Amino acid sequence: MKTTLRADLSIRDICKGFVYSETEGKGLYGLNGKLTIQPEYQRNYIYADGKRDVPVIQSVLKGYPLGLLYFNQREDGQLEVLDGQQRITSLGRFVTNKLSITDANGNLQSFSSLNTEEQEEFLSTPLLIYICQGKEAEIKEWFKTINIVGIPLNEQELLNAIYSGPFVSALKEVFSNSMHSEVDKWSSYVSGKVERQDFLATALQWVSQNNVADYMGAHREEGSIDEVIDYFNTVISWVDETFHRLYPEMRGQEWGALYEQYHLNSYDTDALAQRVAELMVDDFISNRRGIFAYVLGGEKDQKLLNIRCFDQATKRRVYEKQTATAKEKGVSNCPLCAQLDSPDSRKIWALREMEADHVTAWSKGGATASKNCQMLCKLHNRMKGNL
């Protein structure tokens, strides 16, 4: 890969013909259209938070260097920003009065509010830019290793870089667009940020059953993303129809995997919704996020709920009482061992060799309280299960 250092370009040059779509955060161009500021493989603009975009402008106004920028020169002569997209976008937004900062006196200041000399000084600020030329694979491999101003690329952003093309472009128009009409609805089921590709990553994980890289590679040159959209909406509709109402615990669930596992099952959805409501207010359940998988699976796997355990003081009290009674009777302090016709029927287990068990199972209404606690040897406790 060949690199050439350019020091003859200024902010004025880079921001000529700057185009920025506020609604989609993409389609960024400069150098009168000769520079693509946000190529397909780049992340969306994430500096618009007042914490990272404003310091970029303040640095220029104070005469501080912005650091090296890297452009990729394609075979057709067009340039793409390889590293520096966030900084350049902040500059362009300021120059076109889409970004304002607060000056030392606390006044809001836009580019147009600067005097003529200040505007000229800002626009004339020189930039140090490396122009890189090489094969697509070389450029993208290097892109993956570049430090993006202290904000490393996440996994999906890297995959977008590797598999850039019509498919990624079409996906980002839908799932990376914070102004999409369905984003608020999707946010009830998907965690993360649209601009960091979290919604896109989720959609691809669901449709590919977590084989995202293979799926993106197979569809890379396709312009249609109907399969992704249809599957994504199908999963969300299934969740809506199955549970009837929204809970905060629904956000970020592995709904794609749950759909694949359970969507062919027949459920009494009214009864299911009622059961979820009951479990949500059960004080003994520590993991309410596991309720959905638990009820879909027929309430068989209590590990999903992380039922509140007996505390150490309770276990010790019950152990000591059981052990004293067992020694008086000459039987094991594990009630189930005591019923056996074997050497273990008289064995006194150490506390560390026993586990606390609900006499009446939690699923059958048993409370996590001293009067419903018994100590069993580990073997019998794990064999007893939900009986």
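Bear in mind that the values here come from a model prediction, so they are computed numbers and not experimental data.

What to know about the overall build of the protein
At step 1: Regarding its fold elements, the protein presents 16 helices and 10 strands.
At step 2: Burial statistics for the protein: of 387 residues in total, 45% are counted as buried.
At step 3: Across the protein, contacts joining residues at least 24 apart in sequence account for 64% of those joining residues at least 6 apart.
At step 4: A total of about 19900 Å² of accessible surface is found on the protein, and carbon and sulfur atoms cover 49% of it.

Thoughts on the nonpolar core
Side chains that are nonpolar tend, in soluble globular proteins, to be buried together.
At step 1: Among the nonpolar cores identified, the biggest contains 52 residues, and Phe175, Leu204, Val228, Phe243 and Trp255 are the most heavily contacted of them.
At step 2: Elements with a contribution of two residues or more to this core: helix H7 (166–175), helix H8 (183–186), helix H9 (198–208), helix H10 (212–219), helix H11 (226–243), helix H12 (255–262), helix H13 (269–280) and helix H14 (291–296).
At step 3: No other element matches the 8 residues that H11 contributes to this core.
At step 4: With residues near it in sequence (within four places) discarded, Val228 still touches Phe167, Leu171, Phe175, Ala203, Leu204, Val207 and Tyr215.
At step 5: Residues Val54, Ile88, Ile101 and Ile129 belong to the second largest nonpolar core, which totals 30 residues.

Thoughts on the confidence of the model for the protein
At step 1: Looking at the protein as a whole, the pLDDT averages 85, with 89% of positions reaching at least 70.
At step 2: Here residues 23–27 is modelled with pLDDT under 50, and outside its nearest four sequence neighbours on either side it reaches 14 contacts, counting other chains as well.

As for the sheet that holds strand S2 (residues 29–30)
At step 1: With respect to topology, 6 strands assemble into an open sheet ordered S1-S8-S4-S5-S3-S2, the strand pairing being mixed. The strands lining the two open edges of the sheet, one partner per strand, are strand S1 (2–10) and S2.
At step 2: Alignment of strand S4 (residues 69–73) against strand S5 (residues 79–83), held across 4 bridges, turns out to be antiparallel. Within the sheet, the bridge partner assigned to Asn72 lies in S5 and is Glu80.
At step 3: Of the strands in this sheet, S4 and S5 are in contact with helix H3 (residues 85–95), which crosses S5 at around 115 degrees.

What about the packing of H11 against H12?
Packed helices, taken two at a time, are described by the angle their axes make and the gap between the axes.
At step 1: Following both chains from N to C, one finds H11 and H12 inclined at 70 degrees, their axes separated by 10 Å at the closest point. Considering their axes alone, H11 and H12 lie roughly perpendicular with respect to each other. Within the contact between the two elements, H11 uses Tyr231, Thr234, Val235, Trp238, Val239 and Phe243 and H12 uses Trp255, Gly256, Leu258, Tyr259, Glu260 and Tyr262.
At step 2: Partitioning the contact of H11 with H12 into residue classes produces 9 nonpolar, 2 polar and 1 charged.

Some points on the pattern of salt bridges
When the charged atoms of two side chains with opposite charge come close together, those side chains can pair.
At step 1: This model, assessed by the stated rule, comprises 10 salt bridges.
At step 2: A salt bridge links Arg275 to Glu278, with the shortest nitrogen-to-oxygen separation between them at 3.2 Å. Of the two residues, Arg275 and Glu278 are both situated in helix H13; the distance of 3 residues between them amounts to about one turn of the helix.
At step 3: Note that Arg316 and Glu320 form a salt bridge whose closest N and O atoms lie 3.8 Å from each other. Of this pair, Arg316 and Glu320 both sit in helix H15 (residues 312–329), 4 residues apart, which is roughly one turn of the helix.
At step 4: A relative accessible area of 45% means that Arg316 is categorised as partly exposed.
At step 5: By relative accessible area, which is 45% here, Glu320 ends up partly exposed.
At step 6: Because the salt bridges share partners, they merge into one network encompassing Arg74, Asp76 and Glu80.

Side note on the packing of helix H2 (residues 53–61) against H3
At step 1: Look at H2 against H3: their axes get within 9 Å of each other, and the N-to-C directions meet at 75 degrees. In this view, H2 runs roughly perpendicular relative to H3, as classed from their interaxial angle. Here Asp53, Val56, Ile57 and Val60 of H2 lie close against H3, whose contacting residues are Arg87, Ser90, Leu91, Arg93 and Phe94.
At step 2: Of the residues that constitute the contact of H2 with H3, the class distribution is 5 nonpolar, 1 polar and 3 charged.

Quick word on the packing of aromatic side chains
At step 1: Using the criterion set out here, one finds 15 aromatic pairs in the structure.
At step 2: Between Phe94 and Phe122 the ring centres are 5.1 Å apart and the planes differ by 50 degrees, which places this aromatic pair in the tilted class. Here Phe94, found in helix H3, pairs with Phe122, found in helix H4 (residues 116–123); they are 28 residues apart in sequence, far enough to count as distant. Accessibility assignment for this pair places Phe94 and Phe122 in one class, buried.
At step 3: One aromatic cluster in this structure is built from Phe175, Trp186, Trp206 and Phe232.
At step 4: For the cation-ring pair, Lys347 lies above Trp349, with the distance from its terminal atom to the ring centre recorded as 3.9 Å.

Considerations on the environment of Phe18
At step 1: Relative to the elements of secondary structure, Phe18 occurs in the loop between helix H1 (11–14) and S2.
At step 2: A residue is classified by how much of its surface remains accessible, and Phe18, at 11% relative accessible area, is buried.
At step 3: For the pair Phe18 and Asn32, spaced 14 residues apart in sequence, the C-alpha separation works out to 7.1 Å.
At step 4: If we ignore the near neighbours within four places in the chain, the residues touching Phe18 are Tyr29, Ile37, Ile88, Thr89, Gly92, Arg93 and Thr96.

Here is what the cut-offs are and how they apply
All residue numbers here refer to positions counted from 1 along the written sequence of the relevant chain. Residue-level local features of this predicted model are given only where pLDDT is at least 70; pairs of side-chain atoms are given and counted only at 80 or more, and the full residue set underlies all totals for whole chains, interfaces and linings. Heavy atoms from the whole structure form the basis of all side-chain values; hydrogens and water molecules are not counted. Put simply, DSSP marks the helices as runs of H or I at least four residues long and the strands as runs of E at least two long, and each gets a number from the N terminus on. Relative accessibility thresholds used throughout: buried, under 20% of the residue-type maximum; exposed, over 50%; partly exposed, between the two (1.4 Å probe, protein chains only). Whether two residues touch is decided by their heavy atoms; if any such pair falls within 4.5 Å, the residues are in contact. Surface exposure here means Shrake-Rupley accessible area, sampled with a 1.4 Å probe, where a residue is shielded only by the protein chains that are shown. The nonpolar core is taken to be a set of buried Ala, Val, Leu, Ile, Met, Phe, Trp, Tyr and Cys residues, with the residues joined through side-chain atoms within 4.5 Å. Looking at any residue, its pLDDT shows the predictor's confidence there, from 0 to 100. In short, DSSP must find at least two bridges between two strands for them to pair. Every angle, taken between N-to-C directions, lies between 0 and 180 degrees, and every axis is a line fitted to C-alpha atoms, over only the stretch in contact when it is a helix. If an angle is under 35 degrees, it is roughly parallel; if it is over 145, roughly antiparallel; if it lies from 65 to 115, roughly perpendicular; otherwise it is oblique. All residues other than Ala, Val, Leu, Ile, Met, Phe, Trp, Tyr, Cys, Pro, Asp, Glu, Lys and Arg, Gly among them, are scored as polar; the first ten of these are nonpolar and the last four charged. For this document, the term salt bridge refers to a Lys or Arg side-chain nitrogen within 4 Å of an Asp or Glu carboxyl oxygen. Between 30 and 60 degrees the pair is tilted, below 30 it is stacked and above 60 it is edge-to-face, where a pair is any two Phe, Tyr or Trp rings, Trp via its six-membered ring, whose centres lie within 6.5 Å. Our definition puts a charge over a ring when NZ of Lys or CZ of Arg is within 6 Å of the ring centre and also within 35 degrees of the ring normal.

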